[in-house]
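Overview (structure and organization)
Now for the letters of each chain:
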Amino acid sequence: MSLFLAVNKISFRIGGPAGFGIMNTGLMFSKACSRIGLHVFDYVEYPSLIRGGHNTYQVRAEDTPVRSQVETVDVLIALDEPTLTIHADELKEDSLIVYDDATIHPEHTVLKRGIRCPVPLKALVAEVGGPEIMQNTVALAAVLGILDYDFSVFETLVQDSFEGKKGGIVDQNIQVARKGYDYAREHYGHHSHYQLKAVKAPKRMVLTGNEAIALGAVQAGLKFYAAYPMTPASTILHTLAAWQERHNIVVKHAEDEISVVNMGIGAGYAGVRSMVATSGGGFALMNEGVSLAAITESPIVIVEVMRGGPATGLPTWTEQSDLRFVMGAGHGDFPRFILAPGDVEEAFWMAAEALNIAETYQSPVIIVSDKYLAESHRTAEPFDLSKVRIERGKLLRQAPKNYLRYADSPDGVSPRTIPGVPDGFFLANSDEHDDWGYSNEESGIRNRMMQKRMRKEAAYAKTMPQPALVGATDADVTIVGWGSTKGPILDAMDWLAKDGCKVNFLQITHISPFPAETVKKLLAGTKRTLMVENNYTAQMAGVIREKTGIELKEKLLKYDGRPFYPEEIYGRVKTMIGKGGAQ
Amino acid sequence: MITKEDLATPVKPTWCPGCGDFGIWLAVKQALMQLDAKHEDVVIVYGIGCSGHMCNFVRGYGFEGLHGRPIPVAEGIKLANKKLKVIVVTGDGDTYGEGMNHFISGIRGNHDVTLIVHDNRVYGLTTGQASPTAEKGYKSKSTPTGQIEVPVNPIALAVAQDGSFVARGFSADPQQLIKLIVAGVQHKGFSVIDVLQNCATFNKVNTVTWFKEHTYKLEDEGHDPRDKVAAFTRAIDETRLATGIFYQDEREPYDQDVPGERGVPLVDHDLSEADITRTMNEFL
Ligand SMILES: Cc1ncc(C[n+]2csc(CCOP(=O)(O)OP(=O)(O)O)c2C)c(N)n1
Ligand code: SF4
């Protein structure tokens, strides 16, 4: 049966009803792969409900970098029958399917392909008297058994994962794991065409975009975080709330997003680094606050983790359809600073960068992310913390004589005091105001204040990072993207390069102010372009056209709530190159 | 100590002659002078309305926020720096209309903030529409045939929601109001001070005389501010409006023991001490 041997190249999926611990089991598999030195990317799909519905967790692990999930599944754990039906098409002839034949009957499903490896999950758990949820551990251990994974590594992982829990739980888990592992080896050890073997590699973290943002913000001196729960931003709240005492930060679950943003602005005005996060709907409520931060020149970082819209839309699915909304957020004209990380490293560094921009330019700064980046785990080497800079800009702890908070300055940034500083008084005023902050509607002052504030954007534009092309020089196709599409684009590019296709990638990370000159120059030198976006209207393509005059005609768009699979990008580029005759 | 000169600004008040806002302004300034506080340790957050215009007439650290939103700004300031005395000066439209959620949540959370609401039963700045405290039947530009809803009862709401300091003042009685503001700022927790105020230009019903005829002082009737039931009973009596402290208790304020603060105001934390090394290791 086994026609080939795939060592350290695996696509794994576990599926079942919501509420069955699928998320934890998937993450355990990701960590198990990371612990033996593999690169890992995982991706979860779940509906917006707590029990029932279909949850899946997909893990891709290889010994070379992986940044996205793939369409096919090599190993499937099915915790219910619908899983077999829903994922039947993803399976290949030699895919392994682990399930409990006491409860699941493949003959009731449309299952066509794959090697069936039933394991008495329930019975094995009963042997040690564990709770039903431990079936997950048994199933996972069974898979690892078939894949010839070193059990002792898994044992340590279980110990680390249940650290702090009562000793009995850890022992029971290890006991049932051993049973599942041994059972699978005894019965299916001969199906060893997929294997997981330890490789030499640096230690890597397994983390999500949201966790990376939380880490970056804390390392950069975040002190105040407020939020109102909203998927897919909530895990930033959960993560930071759990770290409050350990990292000396205050986290407030406020009454609504309007309160959240106003609290964040109050904290920023009072002199602490402050951040808030939400998704599109909550961000809509924050809009007036964005404007308030701008005119009072108060620093605040707002993270907008996009999901499918409009309205409640697709709460637990991914989309990049808030770009224009974020760029236009807040009424009135004011400098806009918007960053769009594309992976966990960028999420970490941009959280720190955003806090620095917010204080340096005394402005709201928006980080725009999405569910795909926010909730997918990827392996990453620990961040080099010595490189994290805390730049607080013109923050005064002592006021000069005749201090004027909004005094004009060449870069538009005026030295800022905070309450508590003697003689540093000023009024942060949401009405237009004079140098002290008193309300003033005179034409001359209005113009001066407007120009002062807008100059901040120009000043930042001179120092901001510029985009660059990555990939082949003299490429036949240039892929253009932003945010989380980076992962599948880079993975597709790896495959294309193996096929000898010359492809490169332009990723826009700093969206506002828009690096128009650089983008224009880079695009001018391209042969053919492909805009890849997770939205219906190609919003970034529109922005590029507006800012550079260049129209990117060819587009690959997706708006069904699912992220891109690298296969889709690979296939499209292949057709383009085929048609163009470049190969 | 804060002096009169400290509080003076070059801006002349823009309120209509005879407006109750003058009395509240006077009381706010007098109260600040009576507080044992350094000028730089006081922050006043203002709402948007005629009431909020006071931001231009009181020198100090100020923040004029959005209409309806001064309370969360004040809470954010207090959480960032608990050494500060944080006061909110705002209107009834601002607090009981646009920002009602923040009013209730501020009381619930017992954030150590003093809320002074100019309750003139109209939206002054937007030319006199009925505010949430306008009486049923009140005619205004937005309710030409009479207000249909019953008014919000801020005192009863505050008592019902476990308010730890609930009081009412009157703009034409600055002496009482000064005492209420001083007591409110000294109180550790969310202090609600609803201030009956005449709008000389738009509210021809609830005039100074009208308020005088319809109010009495709680202390004159031997009210015990520890008695919550009595406070509530008096709060729901809308024929006779009481002034003074309805209710006060020592419920712990929000910032008493915020995890993560470590007893040091956030603003005084040394940012260079941030170190996520251990936390990062947990992701390995
Ligand atoms: C979001 C928003 N909605 C409406 C307004 C317009 N507005 C300004 S002040 C005000 C009402 C003010 O009434 P109140 O709070 O009672 O204060 P007063 O002027 O009576 O002191 C309104 C509706 C605004 N500034 N912002
Ligand atoms: S409109 Fe009414 S509340 Fe506003 S300043 Fe004039 S009198 Fe005072």
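The written sequence of each chain sets the order in which its residues are numbered from 1. A letter from A marks each chain and a number from 1 marks each ligand, given out in the order of writing. Since the coordinates come from a predicted model, pLDDT governs what is reported: local features require at least 70, and pairs of side-chain atoms require 80 or more to be given and counted, while whole-chain, interface and lining totals use all residues. Excluding hydrogens and water, the side-chain values take into account all heavy atoms of the structure.

Focus on the overall build of chain A
Defined as follows: A run of H or I in DSSP becomes a helix once it reaches four residues, and a run of E becomes a strand once it reaches two; helices and strands are each numbered from the N terminus. Put simply, the radius of gyration uses C-alpha atoms, and a globule should come to 2.2 Å times the residue count raised to 0.38. Each residue's exposure class comes from its accessible area (1.4 Å probe, protein chains only) as a fraction of the maximum for that residue type: buried when under 20%, exposed when over 50%, partly exposed otherwise. Residues are treated as being in contact if the distance between any of their heavy atoms lies within 4.5 Å.
A count of helical and extended segments in chain A gives 19 helices and 23 strands. Relative to its length of 583 residues, chain A is compact, with a C-alpha radius of gyration of 26 Å against a globular reference of 25 Å. If one aligns the C-alpha atoms of chain A with their principal axes, the spans along those axes are about 85 × 65 × 40 Å. The proportion of buried residues among the 583 residues of chain A is 63%. If you take every contact in chain A between residues at least 6 apart in sequence, the share linking residues at least 24 apart comes to 74%.

So, the domain arrangement of chain A
The extent of an interface is frequently quoted as the accessible surface area lost upon association of the parts. All names here are of chain A. Note the following rule: All domain edges in this entry derive from an automatic or database-based domain assignment. A quick way to say it: buried area is the sum, across both parts, of accessible area lost when two parts are put together, with a 1.4 Å probe. For this analysis, a salt bridge means a side-chain nitrogen from Lys or Arg found within 4 Å of a carboxyl oxygen belonging to Asp or Glu. For the purposes of these results, a polar contact is taken to be a pair of N or O atoms within 3.5 Å, where, inside protein, one atom must be able to donate a hydrogen and its partner to accept one; residues adjacent in sequence count only when each atom of the pair is a side-chain atom. Note on residue classes: Ala, Val, Leu, Ile, Met, Phe, Trp, Tyr, Cys and Pro are nonpolar, Asp, Glu, Lys and Arg are charged, and everything else, Gly too, is polar.
Domains assigned within chain A are domain 1 (6–201), domain 2 (206–387) and domain 3 (469–577). In this assembly, 20 residues from domain 1 lie in contact with 12 residues from domain 2. When domain 1 packs against domain 2, close to 1300 Å² is buried across both sides, 56% of that on carbon and sulfur atoms. At the surface where domain 1 touches domain 2, the tally comes to zero salt bridges. Remark: the boundary between domain 1 and domain 2 carries eight residue pairs in polar contact (both at pLDDT 80 or more). When residues of the side of domain 1 that touches domain 2 are traced back to their parent elements, those giving at least two are α1 (22–35) and β3 (39–45). Per element, the largest residue contribution to the side of domain 1 that touches domain 2 is seven residues, and it comes from β3. For the side of domain 1 that touches domain 2, the class distribution of residues is 10 nonpolar, six polar and four charged.

With respect to the packing of aromatic side chains
Filter applied, for reference: Planes of paired rings set the category: under 30 degrees apart is stacked, over 60 is edge-to-face and the rest tilted, where pairs are Phe, Tyr or Trp rings (Trp by its six-membered ring) whose centres lie within 6.5 Å. Charge-over-ring placement is defined geometrically: NZ (Lys) or CZ (Arg) within 6 Å of the ring centre, and within 35 degrees of the ring normal.
Applying the stated rule across the entire model yields 27 aromatic pairs over all chains. An angle of 85° between the planes, with centres 6.0 Å apart, marks the rings of A:Phe426 and B:Tyr61 as edge-to-face. Pair noted here: A:Phe426 is in the loop between β16 (377–380) and β17 (427–429) and B:Tyr61 is in strand β2 (residues 61–64), and the two residues belong to different chains. Of the two residues examined, A:Phe426 and B:Tyr61, each falls in the buried class. In textbook terms, an aromatic cluster arises when at least three aromatic residues are bridged by ring pairs, as seen for A:Tyr269, A:Tyr406, A:Phe425, A:Phe426, B:Tyr61 and B:Phe63. Lying across the ring of A:Phe334, A:Arg336 places its NZ or CZ 3.9 Å from the centre. Above the ring of A:Phe426, the side-chain terminus of A:Arg405 is found at 5.3 Å from the ring centroid.

Quick look at the side chain of A:Thr83
Positionally, A:Thr83 belongs in helix α2 (residues 81–86). Its relative accessible area of 0% is what places A:Thr83 among the buried residues.

Topic: the pairing of strand β7 (residues 165–170) of chain B
All names here are of chain B. Our working definition: Whether two strands pair depends on DSSP finding at least two bridges between them. A crossover counts as right-handed when, viewed with the strands pointing away from the observer, the path leading from the first strand over the helix to the second turns clockwise.
Buried residues dominate β7, accounting for six of its six residues. Because side chains alternate across β7, one face comprises the buried residues Phe165, Ala167 and Gly169, and the other comprises Val166, Arg168 and Phe170, equally buried. Bridge count for β7 against strand β8 (residues 191–196) is six bridges, and the pairing is parallel. Counterpart to Arg168 in the pairing with β8 is Asp194. Once you follow β7 into helix α7 (residues 174–186) and on to β8, the crossover reads as right-handed. Two strands pair when backbone bridges link them, and β7 and strand β10 (residues 241–248) are joined in this way by four bridges, in the antiparallel orientation. Residue pairing across strands places Arg168 opposite Gly244, the latter belonging to β10.

Digging into the site of ligand 1
Short version of the rule: Note on definitions. A residue lies near a molecule or strand when any single heavy atom of the residue is within 4 Å of it.
Near ligand 1 there are 17 residues, and of these B:Cys50, B:Ser51, B:Asp92, B:Asp94 and B:Gly124 occur at the shortest range. Bordering ligand 1 are residues originating from chains A and B. Interatomic distance of 2.8 Å between a backbone N/O atom of B:Gly93 and an oxygen atom of ligand 1. For the shell around ligand 1, the elements supplying multiple residues, two or more each, are α4 (92–98) and β5 (122–123) of chain B.

Side note on the site of ligand 2
If you check the shell around ligand 2, you find B:Trp15, B:Cys16, B:Cys19, B:Cys50, B:Asn120, B:Gln197, B:Cys199, B:Ala200, B:Thr201 and B:Phe202 and nothing else. Partitioned by chemical class, the residues of the shell around ligand 2 number seven nonpolar, three polar and no charged.

As for the interface of chain A and chain B
At the junction of the two partners, chain A supplies 67 residues and chain B supplies 52 residues. Of the roughly 5200 Å² buried where chain A meets chain B, counting both sides, 64% is carbon and sulfur surface. Where chain A touches chain B, the interface holds one salt bridge. Run the count over chain A and chain B and you get 23 residue pairs in polar contact (both at pLDDT 80 or more). Top element by residues in the side of chain A that touches chain B is helix α10 (residues 257–269) of chain A. It accounts for eight residues. Bridge count between β17(A) and β2(B): three bridges; the pairing is parallel. Looking across to β2(B), one finds that A:Ala428 is bridged to B:Phe63.

Things to note about helix α3 (residues 70–80) of chain B
The element α3(B) is largely enclosed, with a buried count of 11 among its 11 residues. Of all the positions in α3(B), only B:Pro70, B:Ile71, B:Pro72, B:Val73, B:Ala74, B:Glu75, B:Gly76, B:Ile77, B:Lys78, B:Leu79 and B:Ala80 are classed as buried.

Comments concerning the nonpolar core
As a rule of thumb, nonpolar side chains are buried together in soluble globular proteins. Threshold: What is meant by a nonpolar core is a set of buried Ala, Val, Leu, Ile, Met, Phe, Trp, Tyr and Cys residues, joined one to another through side-chain atoms within 4.5 Å.
In this structure, A:Trp482, A:Ile511, A:Met540 and B:Leu32 are the most contacted members of the largest nonpolar core, which totals 130 residues. Per-element tally for this core: the top contributor is helix α2 (residues 21–34) of chain B, with seven residues. Each of two domains, domain 2 (206–387) and domain 3 (469–577) of chain A, supplies a minimum of three residues to this core. With 54 residues, the next largest nonpolar core counts A:Ile14, A:Val44, A:Tyr46 and A:Ile115 among its residues.

Describing the sheet that holds strand β13 (residues 300–306) of chain A
Residues and elements named next belong to chain A. In plain terms, the rule: Lines fitted to C-alpha atoms define the axes here, with helix axes fitted over just the stretch in contact, and angles between the N-to-C directions of these axes take values from 0 to 180 degrees.
Sheet architecture is open: seven strands sit in the order β11-β10-β12-β13-β15-β14-β21, paired in mixed fashion. The open sheet has two edge strands with one neighbour each: β11 (250–253) and β21 (510–512). The sheet shows a mean angle of 20° between the axes of neighbouring strands, direction not considered. Bridging between strand β10 (residues 222–227) and strand β12 (residues 273–278) involves five bridges; their strand directions are parallel. Paired with Ala226 across the strands is Val276, a residue of β12. Of the strands in this sheet, β12, β13 and β15 (364–370) are in contact with helix α11 (residues 280–296), which crosses β13 at around 160°.

Re the state of the cysteines
This is how the line gets drawn: Two cysteine sulfur atoms form a disulfide, by the criterion used here, when they sit within 2.5 Å.
Counted under the stated rule, the structure contains zero disulfides over all chains. Summary of cysteine pairing: A:Cys117 is not part of a disulfide, and the nearest cysteine sulfur, belonging to A:Cys33, is at 17 Å.

Here we look at the environment of A:Ala226
All names here are of chain A. As for its placement among the helices and strands, Ala226 is situated in strand β10. Sequence separation between Ala226 and Ala254 is 28 residues; the distance between their C-alpha atoms is 6.5 Å. With residues up to four places along the chain from it excluded, the contact list for Ala226 reads Lys252, Val260, Met275, Val276 and Ala277.

So, the pattern of salt bridges
Residue and element names in this part refer to chain A. The final tally for this structure, using the stated rule, is 47 salt bridges over all chains. Across the pair Asp74 and Lys92 runs a salt bridge, and its minimum N-O distance is 2.4 Å. Here the residue Asp74 occupies a position in strand β5 (residues 73–78), and Lys92 occupies one in strand β6 (residues 91–99), the gap between them amounting to 18 residues. Assessed through its relative accessible area of 7%, Asp74 is described here as buried. In this structure, Glu554 engages Arg528 in a salt bridge whose closest nitrogen and oxygen atoms are separated by 2.9 Å. Linking Glu554 in the loop between α18 (539–548) and β23 (555–557) with Arg528 in the loop between α17 (516–524) and β22 (529–533), this pair joins segments that are 26 residues apart in sequence. Classification of Arg528 as partly exposed rests on a relative accessible area of 25%. Here the residues in one salt-bridge network are Lys9, Arg60, Glu62, Arg67, Asp491 and Asp494, joined through shared partners.

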